[in-house]
Amino acid sequence: MSLKLFNTMNHQKEEFKPRDSGKVAMYTCGPTVYNYVHVGNGRMLVVFDMIRRYLMYKGYDVTFVQNFTDVDDKIIKRGLEEGVDPLVLSQKYIEEYFKDARALHVLPATVHPKATEHIPEMLEIIQGLITKGLAYEVDGDVYFAVDKFPHYGKLSGRSLEDMQAGARVDVDDRKNNPMDFALWKKAKPGEPSWKSPWGEGRPGWHIECTAMSLKYLGAGFDIHGGGGDLVFPHHENEIAQSEGYLDGKPFVRYWMHNAFLTFNQQKMSKSLGNFFTVREVLEHFSGEVVRFYLLSTHYRSPLDFDDENLRMAQKGLERLQTSLRLANEALAKNSPVAVKVELNEELLKAAEKARQDFEAAMDDDFNSALAYASLFELGKTMNAHLQAYPFASTGLAKAREVLLELAGVLGFDLEHPESQDVEQDEKLAEIMEILLSVRLKARQKKDWEMADFIRDQLKDVGIVLEDTPQGARWTIKG
Ligand code: AMP
Ligand code: ZN
């Protein structure tokens, strides 16, 4: 079946036809790194990771680029407040980003370009825009002239006149049109800056995405994504400067935007201060549960952040994990009697139907919420059969395999449930540290008997010790 996705540009679901057959080139606007990512950012990350994984499942070779905005007003302000070099601050939060992304089972992008490492590419585009008469310099700043781009407003569906009438834009004598936006900003004292033909300065926000997406994906790439707040002005401006620079050639084939994660029906955002960082939520729920929750609603519908829904997500994920575990246990047992043919057939059919339903849901603009239903249905059939016949069968093996595979496409690893009790995990780690230091002391006194006793007792409860040159390591075998 063909894949349909909602293209913000045309306000409708369209059949997905990539630029190059068998390949997908996609770009999303990543975080501005001056803080830990919040769960709203997490929604964007998880949604596009789900989209990317499904495209991979469909057999596409996906190149996925997600930038880091590592220099901008907010980063500079935060750096000044904390007395830290803004670029050191942004580097710290890039590292923290990767920890949160991993916890949410978000795969690393093919490339994670940083704005500060692409200044020459941005300068080249800005220079090109000036040469084409689409941008102009005023005393060290460079602006894009929106009225020189005839299609300005095509993504957000607004005309320049409406924008000017509706926007409370500061009157700025330096701009030809109040909607003109900065491509290059003259450096203020103490700010990070780079040399340019217009003097020391730094790039505006929008130009970085044009420079980095064109560099890694080329003109007319397939999918450009981000949260709905980016449609205007960020993506509108990206289109104007990119298509202006490309002499009218299309910049992007499909524009995709996720709806907001809200808190008390208001967009969760750093600037409003009504946010929870992913890190905070991970103190109470595993990353996999947070992911399950974030995909439990279609990506274009708003989702309100709420503890109760997180707990329901936890129950939902546990139900799937239980179906898989029960199947694993049954498959480990030899069948005492020949399996009933009908039972086996039914499971084989259920597995096939689950795959069909799953694909139909995902092919319809990545409806992960509906895709969950196909997994639950399969899990339910498996449980019912296991109650009647808790032994190995080819049908059960197939159903188990399909459940595991499809959950994996959505980024869940049902075979290895993450512990939900973070506090208990920490306690266990502390106790293990004490035990390992007792064992180390025993070894130092050449009390091999005690050292082996500790190792063997731990092994009996499923904790395996390994002695390495850096000390003993422990893992739970499950
Ligand atoms: P920022 O760090 O604010 O530039 O945001 C990084 C990404 O997260 C962008 O793609 C935003 O559109 C997206 N985003 C920010 N807030 C939310 C939210 N409350 N819900 C969903 N996506 C969001
Ligand atoms: Zn962007």
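Above this text you will find the structure in question.
In this text the structure is predicted, and so the values were computed from the model without any measurement.

**Q** Explain the site of ligand 1 here, please?
**A** Around ligand 1 sit 19 residues, and of these T32, G227, D229, L261 and M268 come closest. Here a nitrogen atom of ligand 1 and a backbone polar atom of M268 are 2.8 Å apart. Alone, ligand 1 offers 490 Å² of accessible surface; in the complex the protein occludes 93% of this. Only α1 (39-57) and β9 (221-227) provide two or more residues apiece to the shell around ligand 1. The greatest single-element share of the shell around ligand 1, amounting to 3 residues, is contributed by α1. When the residues that make up the shell around ligand 1 are grouped by side-chain class, the tally is 8 nonpolar, 8 polar and 3 charged.

**Q** How do you make sense of the sheet that holds strand β13 (residues 303-304) when you look at a structure like this?
**A** Sheet strands pair via backbone hydrogen bonds, and the direction of the pair is either parallel or antiparallel. Ordered in space as β12-β11-β13, the 3 strands form an open sheet in which the pairing is mixed. Of all strands in the sheet, those with a lone pairing partner are β12 (266-267) and β13, marking the two edges.

**Q** Could you clarify how one ought to interpret the coordination of the zinc ion (ligand 2) in this entry?
**A** Ideal values for angles at a metal depend on the geometry: 109.5 degrees with four tetrahedral donors, 90 or 180 degrees with six octahedral donors. At this site the zinc ion (ligand 2) is bound by C29 (SG), C209 (SG), H234 (NE2) and E238 (OE), with donor distances of 2.0 to 2.6 Å. Considering all 4 donor atoms around the zinc ion (ligand 2), the spread of angles at the metal, 75 to 127°, places the coordination shape in the irregular class. Positions of the donor residues of the zinc ion (ligand 2) along the chain correspond to the pattern C-x179-C-x24-H-x3-E. Of the two residues, C29 sits in the loop between β3 (23-28) and α1 while E238 sits in helix α7 (residues 231-245), which places them 209 residues apart along the sequence. Exposure remark for E238: the relative accessible area of 0% places this residue in the buried category.

**Q** Just to check I follow, could you spell out the packing of aromatic side chains for this structure?
**A** What describes a pair of aromatic rings is the distance from one ring centre to the other and the angle between the planes of the rings. Enumeration over the complete set of coordinates arrives at 25 aromatic pairs. Summarising the aromatic geometry, the rings of Y54 and F358 are spaced 6.3 Å apart at their centres and angled 65° between planes, so their arrangement reads as edge-to-face. You can see Y54 sitting in helix α1 and its partner F358 sitting in helix α11 (residues 341-363), a full 304 residues away along the chain. The exposure classification of Y54 matches that of F358, with both residues buried. For the cation-ring pair, R291 lies above F412, with the distance from its terminal atom to the ring centre recorded as 5.9 Å.

**Q** I would appreciate a short explanation of the side chain of N35 in the present structure.
**A** With respect to the helices, strands and loops of the structure, N35 is situated in the loop between β3 and α1. The class for N35 is buried, based on a relative accessible area of 14%. Sequence-distant contacts of N35, that is, excluding residues within four places in its chain, are made with R78, Y93, K270 and F275.

**Q** Whenever I open this one, the sheet that holds β9 confuses me. Can you help?
**A** One open sheet holds the 4 strands; their spatial order is β4-β3-β9-β10, and the pairing between them is parallel. The open sheet has two edge strands with one neighbour each: β4 (61-66) and β10 (252-258). On average, each strand axis in the sheet is tilted by 20° relative to the strand beside it, whichever way the strands run. Two strands pair when backbone bridges link them, and β9 and β10 are joined in this way by 6 bridges, in the parallel orientation. When the sheet's bridge partners are listed, G225 is paired in β10 with M256.

**Q** How do you make sense of the pairing of strand β2 (residues 12-15) when you look at a structure like this?
**A** Side-chain direction in a regular strand flips from residue to residue, so the side chains alternate between the two faces of the sheet. Bridge analysis of strand β1 (residues 4-7) against β2 gives 4 bridges, and the strand direction is antiparallel. Following the sheet pairing, F6 is matched in β2 by K13. In this antiparallel pair of consecutive strands, β1 and β2, the connection spans 4 residues, and H11 shows a positive phi of 55°.

**Q** Whenever I open this one, helix α15 (residues 448-460) confuses me. Can you help?
**A** Owing to its 3.6 residues per turn, the α-helix brings residues three or four apart onto one side. For α15, which comprises 13 residues, the first-to-last C-alpha distance of 18 Å matches the rise-based estimate of 18 Å (1.5 Å per residue) to within 8%. Buried residues of α15: A451, I454 and L458, and no others. For α15, the buried positions fall inside an angular range of 65° around the axis, keeping them on one side. Pointing more than 90 degrees away from the buried face of α15 are the exposed residues E449, K459 and D460. Immediately downstream of α15, the backbone of G462 shows phi near 90°, a positive value.

**Q** Sorry, what's going on with the pattern of salt bridges here?
**A** Should their charged atoms come close, side chains of opposite charge can pair. One pass over the full model with this rule turns up 35 salt bridges. R53 is the partner of D49 in a salt bridge, and the nearest nitrogen-oxygen pair spans 2.8 Å. Residue D49 and its partner R53 are located together in helix α1, separated by 4 residues, close to a single helical turn. Relative accessible area serves as the criterion here: at 16%, R53 is assigned to the buried category. Here K58 and D363 are joined by a salt bridge, their closest N and O atoms 2.9 Å apart. With K58 in the loop between α1 and β4 and D363 in helix α11, this pair connects stretches of sequence that are 305 residues apart. K58 sits in the partly exposed class, given a relative accessible area of 30%. Each of D73, K185, E191 and R202 takes part in salt bridges that share partners, so that together they form one network.

**Q** Help me out: how do you make sense of helix α12 (residues 368-388) in this one?
**A** The terminal C-alpha atoms of α12, which comprises 21 residues, lie 31 Å apart, in line with the 30 Å expected from a rise of 1.5 Å per residue. Structurally, α12 contributes buried residues whose contacts are with α1, α9 (287-294), α10 (307-331), α11 and α13 (394-409).

**Q** Teacher, can you tell me more about the pairing of β4 here?
**A** In the sheet, β3 pairs with β4 via 6 bridges, with the strands oriented parallel. Its bridge partner being in β4, Y27 is matched across the sheet by V65. Handedness of the crossover joining β3 and β4 through α1 is recorded here as right-handed.

Scoring rules and cut-offs
Residues numbered from 1 in each chain as written. Chains lettered and ligands numbered in written order. Predicted model: local features only at pLDDT ≥ 70, side-chain atom pairs only at ≥ 80, totals over all residues. Heavy atoms only, no water. Near = heavy atom within 4 Å. Polar contact = N/O pair within 3.5 Å; in protein donor to acceptor, adjacent residues only side chain to side chain. Areas by Shrake-Rupley, 256 points an atom, 1.4 Å probe, with all protein chains shown as cover. Helix = DSSP H or I, 4+ residues; strand = E, 2+ residues; numbered from the N terminus. Nonpolar A, V, L, I, M, F, W, Y, C, P; charged D, E, K, R; others polar. Pairing = 2+ DSSP bridges. Donors = N, O, S within 2.8 Å, 3.2 Å for Na, K, Ca; no water. Tetrahedral: all angles 85-135°; square planar, octahedral: opposite > 155°, others 65-115°. Buried < 20%, exposed > 50% of the residue type's maximum accessible area, 1.4 Å probe, protein only. Phe/Tyr/Trp six-rings, centres within 6.5 Å; stacked < 30°, edge-to-face > 60°. Lys NZ or Arg CZ within 6 Å of the ring centre and 35° of its normal. Contact = heavy atoms within 4.5 Å. Axes fitted to C-alpha atoms, helices over the stretch in contact; angles between N-to-C directions. Expected span 1.5 Å × (residues − 1). Arc of directions from axis to C-beta. Salt bridge = Lys/Arg side-chain N within 4 Å of Asp/Glu carboxyl O. Right-handed = clockwise from strand over helix to strand, strands pointing away.

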